[in-house]
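The lines below spell out each chain.
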Amino acid sequence: MQDRAISAPIKAEGESARILIAGDHPIFRDGLKRLLEAEPDMQVVGEAGDGASTLQLVRQVKPDLLLFDLAMPDAGLDILRALAATSKLPRTIVLTATMGTRDLLVALKLGVLGIVLKEATTKSLCESIRCVLDYRYALGPEQVGDLVHAMFGSPGEGLVRRNRFHLTHRQLEIVSAIALGETNREVAKHFSISQETVKRHLSNIFDKLGVFSRLELAIFALNHGLIENDGDAGGARESAY
């Protein structure tokens, strides 16, 4: 299978997302193409087998979304840098078997919105694609946790907060707990409050920050320095709420 833009009937505008697949294994690309085109709102408009072809096809077909295999020959983060440098990086999901926290941080800074493991289910991949097409992040909870520790260290190391976004101290504590991957039940137990109270706090937090999911909340907290440390949380735990 040659790297190419795919000639296919163009569906009505708004009916399908135009996707470019970049991966060096033809069988992998063909299988992925068949899976995606079984979805009524997705259309594969090109395939690339290396970094140079990816650059060329992104500029040629202008896809809505790029599925990018980080392990391709002559590819990796350098191709994403080249696309970002020319303001040509489309909404992008990185496909990977494994990804170190350092590379993950770099990818996000370059504009990547999604990280999907190659072992992910078709349903999970399609959900991630739709999320990224809506300009939202698609990252797993483990990756969010890794980002928290990479950017801010372990709890107790301290952090200078520049903007509280009108959040109360208890809300900041809950933001931190959610960013670190705690469930509503764990948050409730952590702060000795009911799960219904946690839900009310989360609803108010979402409204104040303009986010719509726990993942978006975690990313917002990372980007804006809202992670509480143990010292901050402990002193006011009894008086908060």
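Below is a summary of the structure that appears in this document. (Residues numbered from 1 in each chain as written. Predicted model: local features only at pLDDT ≥ 70, side-chain atom pairs only at ≥ 80, totals over all residues. Heavy atoms only, no water.)

### Topic: the overall build of the protein
Within the protein, the secondary structure is distributed over 11 helices and six strands. In the protein, which comprises 241 residues, the share counted as buried stands at 49%. In the protein, 69% of the contacts between residues at least 6 apart in sequence involve partners at least 24 apart. Only carbon and sulfur atoms are counted for the fraction: they give 50% of the accessible area of the protein, which is about 12,400 Å². (Helix = DSSP H or I, 4+ residues; strand = E, 2+ residues; numbered from the N terminus. Buried < 20%, exposed > 50% of the residue type's maximum accessible area, 1.4 Å probe, protein only. Contact = heavy atoms within 4.5 Å. Areas by Shrake-Rupley, 256 points an atom, 1.4 Å probe, with all protein chains shown as cover.)

### Here we look at the packing of aromatic side chains
Two numbers describe a pair of aromatic rings. These are the distance of the centres and the angle of the planes. Across all of its chains, the model carries zero aromatic pairs by this definition. Geometry around phenylalanine 28 places lysine 118 over its ring, the cationic atom sitting 5.8 Å from the centre. (Phe/Tyr/Trp six-rings, centres within 6.5 Å; stacked < 30°, edge-to-face > 60°. Lys NZ or Arg CZ within 6 Å of the ring centre and 35° of its normal.)

### So, the side chain of glutamine 171
Along the polypeptide, glutamine 171 turns up in helix α7 (residues 169-179). Exposure remark for glutamine 171: the relative accessible area of 5% places this residue in the buried category. A polar contact of 3.0 Å, which involves the side chain of glutamine 171, links it to the backbone nitrogen of threonine 168. Ignoring sequence-local partners within four residues, the contact set of glutamine 171 consists of His166, His201, Asn204, Ile205 and Lys208. (Polar contact = N/O pair within 3.5 Å; in protein donor to acceptor, adjacent residues only side chain to side chain.)

### A closer look at the pattern of salt bridges
Opposite charge on two side chains permits them to pair, given that their charged atoms come into close proximity. One pass over the structure, following the stated rule, counts 10 salt bridges. One salt-bridge network, in which partners are shared between bridges, spans Glu39, Asp41 and Arg130. (Salt bridge = Lys/Arg side-chain N within 4 Å of Asp/Glu carboxyl O.)

### A word on the packing of α7 against helix α8 (residues 184-191)
Following both chains from N to C, one finds α7 and α8 inclined at 135 degrees, their axes separated by 10 Å at the closest point. Looking at the two axes, α7 sits oblique to α8. Pair α7 / α8 crosses with right-handed handedness. Contact residues: α7 offers Arg170, Glu173, Ile174, Ala177 and Ile178, while α8 offers Asn184, Val187 and Phe191. (Axes fitted to C-alpha atoms, helices over the stretch in contact; angles between N-to-C directions. Parallel < 35°, antiparallel > 145°, perpendicular 65-115°, else oblique. Left-handed = near helix turned anticlockwise from the far one by under 90°.)

### Things to note about the packing of helix α2 (residues 51-61) against helix α3 (residues 77-85)
When two helices pack together, their arrangement is given by the angle between the helix axes and by the axis-to-axis distance. It is the contact of α2 with α3, at a shortest axis distance of 10 Å, that shows an interaxial angle of 25 degrees. For the element pair α2 / α3, the angle class is roughly parallel. Crossing of α2 against α3: the hand is right-handed. Contacts between α2 and α3 involve Gly51, Thr54, Leu55 and Val58 from the former and Ile79, Ala82 and Leu83 from the latter. For the contact of α2 with α3, the class distribution of residues is five nonpolar, two polar and no charged. (Nonpolar A, V, L, I, M, F, W, Y, C, P; charged D, E, K, R; others polar.)

### Quick notes on the pairing of strand β2 (residues 17-22)
Taken across its six residues, β2 has five buried, putting it largely inside the fold. Pairing analysis gives six bridges linking β2 to strand β3 (residues 42-48), with the strands arranged parallel. In the sheet register, isoleucine 21 faces β3, and the bridge partner there is glutamate 47. Each parallel crossover has a hand, and for β2 linked through helix α1 (residues 26-37) to β3 it is right-handed. Inspection of the sheet shows β2 paired to strand β4 (residues 65-69) by four bridges, in the parallel sense. From the neighbouring strand, alanine 22 faces β4, where its bridge partner is phenylalanine 68. (Pairing = 2+ DSSP bridges. Right-handed = clockwise from strand over helix to strand, strands pointing away.)

### Quick notes on α7
Among the 11 residues that make up α7, 10 are buried, leaving the element largely enclosed by the rest of the structure. Among all positions in α7, only Arg170, Gln171, Leu172, Glu173, Ile174, Val175, Ser176, Ala177, Ile178 and Ala179 are buried.

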